[in-house]
Amino acid sequence: MLFQIALRKKATALTSLVAAAAIALTPFSAANAQAKGPPILRDTETEQLLREYTRPILRVAGLEKQNIQMVIINESSFNAFVADGRRIFVNYGAILQSETPNQIIGVLAHETGHLAGGHLSKLREQLANAQTQMIIAMLLGAGAIAAGSARGGNSGNNGLANAGAAAMAGPQEMIRRSLLSYQRQQEENADRAGVKFLTATQQSPKGMYETFKRFTSESLFAARGADPYLQSHPMPAERVASLQEFASASPYWDKKDDPALQLRHDMVRAKISAFMERPETVYRRYPLTNDSLPARYARAISTYLHGDLRSALTQIDALIQIQPNNAYFYEVRGQALLEGGKPAEAIPALRKAVALSNNAPLIEMLLGQALVGSDNKAYTDDAVRILRAAVAREPEAVLGYMQLAMAYGRKGDYAEADLASAQAAYLRGDNKTARELATRAKTRFAVGTPGWVKADDIVASKPPRN
């Protein structure tokens with residue numbers, strides 16, 4: 001199930017740190033640009049694969065117990081970054097454009113290098129120091145300007161004022177260059193750490209090198225004539241040459257990806273293409289002459305998304321015949337039926353998907369939605385049970401709370417329905433509606449009960465600052 005949600009504002013503030021170093025002197029522009037938050041994509045199959053890619057790397061980096069999460073950003077460009085020490089953000093375009101598992105694993109190893117090196121906290125210190133230096137420079141410069149103005153408008157005093165302006169501009173440029181130089185060093189350190197982690201897990205660093213080399217040619221024209229001291233990342237050719245030198249020394253340089261892992265990688269890329277690209281693009285990538293499993297997966301999803309449910313079900317059933325224990329084939333079948341207005345028919349496939357996926361919460365939410373949408377009151381208690389289990393494991397998933405509210409409403413438990421609706425509104429960032437619903441929920445719960453306490457927490461909460 002690939003679906004899109006928006007990060008809450010409190011989360012988006014964290015991403016501004018990524019841009020802060022490049023625009024450290026004008027941070028307000030970054031805050032305004034990020035006010036609504038980058039949309040994120042959720043999909044069990046893709047997230048599970050990314051977790052498996054990062055798990056051994058995080059282990060050797062000493063971060064296995066830090067509960068680092070993978071977050072997929074709804075952006076088609078190739079990019080990955082860290083922003084808060086707890087999450088690695090990956091554009092879906094980075095997955096789609098990585099032809100092998102090793103290529104995206106190399107990028108994830110690089111980002112893990114940033115986390116392991118504590119680069120975010122160190123960058124915050126650098127930014128704080130830069131701000132302190134900036135304040136001092138501005139005060140000294142402003143003092144000179146004020147002195148020049150106070151002495152009148154003759155040319156000598158104008159010179160003093162101009163000197164004051166120069167005193168403000170000069171240190172700013174020096175601080176900016178120093179900060180960017182620090183960032184470049186961090187990137188080089190992350191490259192080396194990434195290669196170290198890959199070698200320790202007996203994986204090839206060639207994918208990291210191939211990815212960076214691929215983008216070198218695309219950035220060479222833009223970098224031509226640029227001042228290397230004003231680049232936040234090392235100059236591309238220099239960085240790639242340095243990376244090749246120490247990466248090629250790895251004893252696993254020529255190690256190939258496992259064919260089974262390559263197939264899973266190709267399946268995820270096909271799924272992303274089907275959900276995120278136009279049908280004509282999907283069919284160019286995966287023409288009818290391509291009979292591979294990933295191609296058939298992409299075409300089946302694209303077919304249901306664009307209205308031909310009967311043909312899509314035939315294609316999905318053919319996939320299930322090939323891999324009868326693939327949870328995600330059953331998930332897609334259930335999702336196609338659910339979105340095709342047949343929730344009752346979606347239930348068996350989604351129950352199978354939940355069982356095969358070890359009760360994946362996002363798939364449980366789909367099943368809960370089908371149970372609620374079936375209009376069969378016999379399913380109500382089952383829906384509540386499944387949805388409560390799902391939101392307990394995915395407490396920031398709006399869909400789960402929305403469906404839970406509907407299930408409770410059908411059951412006649414309006415206190416829990418109001419509370420679940422309030423939680424959904426809060427997660428959407430609609431704090432006014434959340435407080436109104438939570439206030440009503442409080443009147444329905446006995447004072448001091450767990451439901452009353454949760455509702456009171458929402459009522460007392462303050463909107464997150466931008």
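Quick look at the structure, then. Keep in mind that what you see is a predicted model, and the values were worked out from it rather than measured.

1. Quick word on the overall build of the protein chain
Then, number 1: A count of helical and extended segments in the protein chain gives 21 helices and five strands.
Then, number 2: Looking at the protein chain residue by residue over its 466 residues, the buried ones come to 48%.
Then, number 3: Sequence separation of 24 or more characterises 65% of the internal contacts of the protein chain that already satisfy a separation of 6 or more.
Then, number 4: When the accessible area of the protein chain is evaluated, it comes to approximately 22,500 Å², of which 53% is carbon and sulfur surface.

2. Looking at helix α5 (residues 101-116)
Then, number 1: With 16 residues, α5 should cover 22 Å at 1.5 Å per step; its first-to-last C-alpha distance of 22 Å lies within 8% of that length.
Then, number 2: Counting buried residues along α5, 15 of its 16 residues qualify, which places the element largely inside the surrounding structure.

3. Description of the packing of helix α14 (residues 327-339) against helix α16 (residues 361-373)
Then, number 1: Remark: α14 packs on α16, axes separated minimally by 11 Å, with the N-to-C direction vectors making an angle of 35 degrees. Every pair of crossing elements has a handedness; the one defined by α14 and α16 is left-handed. Between α14 and α16, the contacting residues are Y328, E331, Q335 and L338 on the first element and I363, L366, Q369 and A370 on the second.
Then, number 2: Here the contact of α14 with α16 is composed, by residue class, of five nonpolar, two polar and one charged.

4. Observations concerning the side chain of S98
Then, number 1: Within the secondary structure layout, S98 lies in the loop between α4 (92-97) and α5.
Then, number 2: For S98, a relative accessible area of 0% corresponds to the buried category.
Then, number 3: Among the polar contacts listed, one links the side chain of S98 to the backbone oxygen of A94, at a separation of 2.6 Å.
Then, number 4: Setting aside its immediate chain neighbours within four residues, S98 contacts F78, Q103, I104, H265 and R269.

5. Focus on helix α12 (residues 293-305)
Then, number 1: With 13 residues, α12 should reach 18 Å at 1.5 Å per residue; the first-to-last C-alpha distance of 18 Å fits that figure.
Then, number 2: The element α12 is largely enclosed, with a buried count of 11 among its 13 residues.
Then, number 3: For α12, the complete set of buried residues consists of L293, P294, A295, Y297, A298, R299, A300, I301, S302, T303 and Y304.
Then, number 4: Looking at the buried side of α12, the elements it contacts are α3 (44-60), α10 (259-276), α11 (279-285), α13 (309-322) and α14.
Then, number 5: Downstream of α12 by one or two residues, G307 has phi in the positive range, about 100 degrees.

6. With respect to the packing of aromatic side chains
Then, number 1: A full pass over the atoms with the stated rule returns four aromatic pairs.
Then, number 2: When the ring of Y209 is compared with that of W253, the centres are 5.8 Å apart and the planes differ by 50 degrees; the resulting orientation is tilted. Of this pair, Y209 sits in helix α8 (residues 206-223) while W253 is found in the loop between α9 (236-247) and α10, placing the two residues 44 residues apart along the sequence.
Then, number 3: Consider the rings of F275 and Y304, whose centres lie 6.5 Å apart with planes at 80 degrees: the pair is edge-to-face.

7. With respect to the nonpolar core
Then, number 1: Ranked by size, the top nonpolar core spans 58 residues in total, and within it Y297, I301, Y304, F329, M365, L367 and L404 carry the most contacts.
Then, number 2: In terms of nonpolar packing, the next biggest core, distinct from the first, is built from 40 residues, L41, I57, L58 and W253 among them.

8. Some words on the side chain of E277
Then, number 1: In this structure, E277 sits in the loop between α10 and α11.
Then, number 2: Taking relative accessible area as the criterion, E277 reaches 16% and is therefore assigned buried.
Then, number 3: A polar side-chain atom of E277 sits 2.6 Å from a polar atom in the side chain of S273.
Then, number 4: Among the polar contacts listed, one links the side chain of E277 to the side chain of R285, at a separation of 2.7 Å.
Then, number 5: Apart from residues no more than four positions distant in its own chain, E277 is found in contact with L96, I272, V282 and R285.

9. Some points on the pattern of salt bridges
Then, number 1: Within the structure shown, the criterion is met by 20 salt bridges.
Then, number 2: For K271, the salt bridge identified is with D43, shortest N-O distance 2.9 Å. Here D43 lies in the loop between β2 (39-42) and α3 and K271 lies in helix α10, a separation of 228 residues in the sequence. Exposure class is identical for K271 and D43. Each is buried.
Then, number 3: The partner of K206 in a salt bridge is D254, and the shortest N-O contact between them spans 3.0 Å. Of this pair, K206 sits in helix α8 while D254 sits in the loop between α9 and α10, and the two are 48 residues apart along the sequence.
Then, number 4: D254 sits in the exposed class, given a relative accessible area of 54%.
Then, number 5: The structure contains a network of salt bridges with shared partners spanning D43, E45, K271 and E331.

10. Here's the deal with the packing of helix α19 (residues 414-428) against helix α20 (residues 431-444)
Then, number 1: Following both chains from N to C, one finds α19 and α20 inclined at 160 degrees, their axes separated by 8 Å at the closest point. With respect to α20, the element α19 is oriented roughly antiparallel. The chirality of how α19 crosses α20 is left-handed. Side by side, α19 and α20 meet where Y414, A415, D418, L419, S421, A422, A425 and Y426 of the first sit next to N431, T433, A434, L437, A438, R440, A441 and R444 of the second.
Then, number 2: Per-class residue counts for the contact of α19 with α20 are 10 nonpolar, three polar and three charged.

Criteria and thresholds
- Residues numbered from 1 in each chain as written.
- Predicted model: local features only at pLDDT ≥ 70, side-chain atom pairs only at ≥ 80, totals over all residues.
- Heavy atoms only, no water.
- Helix = DSSP H or I, 4+ residues; strand = E, 2+ residues; numbered from the N terminus.
- Buried < 20%, exposed > 50% of the residue type's maximum accessible area, 1.4 Å probe, protein only.
- Contact = heavy atoms within 4.5 Å.
- Areas by Shrake-Rupley, 256 points an atom, 1.4 Å probe, with all protein chains shown as cover.
- Expected span 1.5 Å × (residues − 1).
- Axes fitted to C-alpha atoms, helices over the stretch in contact; angles between N-to-C directions.
- Left-handed = near helix turned anticlockwise from the far one by under 90°.
- Nonpolar A, V, L, I, M, F, W, Y, C, P; charged D, E, K, R; others polar.
- Polar contact = N/O pair within 3.5 Å; in protein donor to acceptor, adjacent residues only side chain to side chain.
- Phe/Tyr/Trp six-rings, centres within 6.5 Å; stacked < 30°, edge-to-face > 60°.
- Core = buried A, V, L, I, M, F, W, Y, C linked by side-chain atoms within 4.5 Å.
- Salt bridge = Lys/Arg side-chain N within 4 Å of Asp/Glu carboxyl O.
- Parallel < 35°, antiparallel > 145°, perpendicular 65-115°, else oblique.

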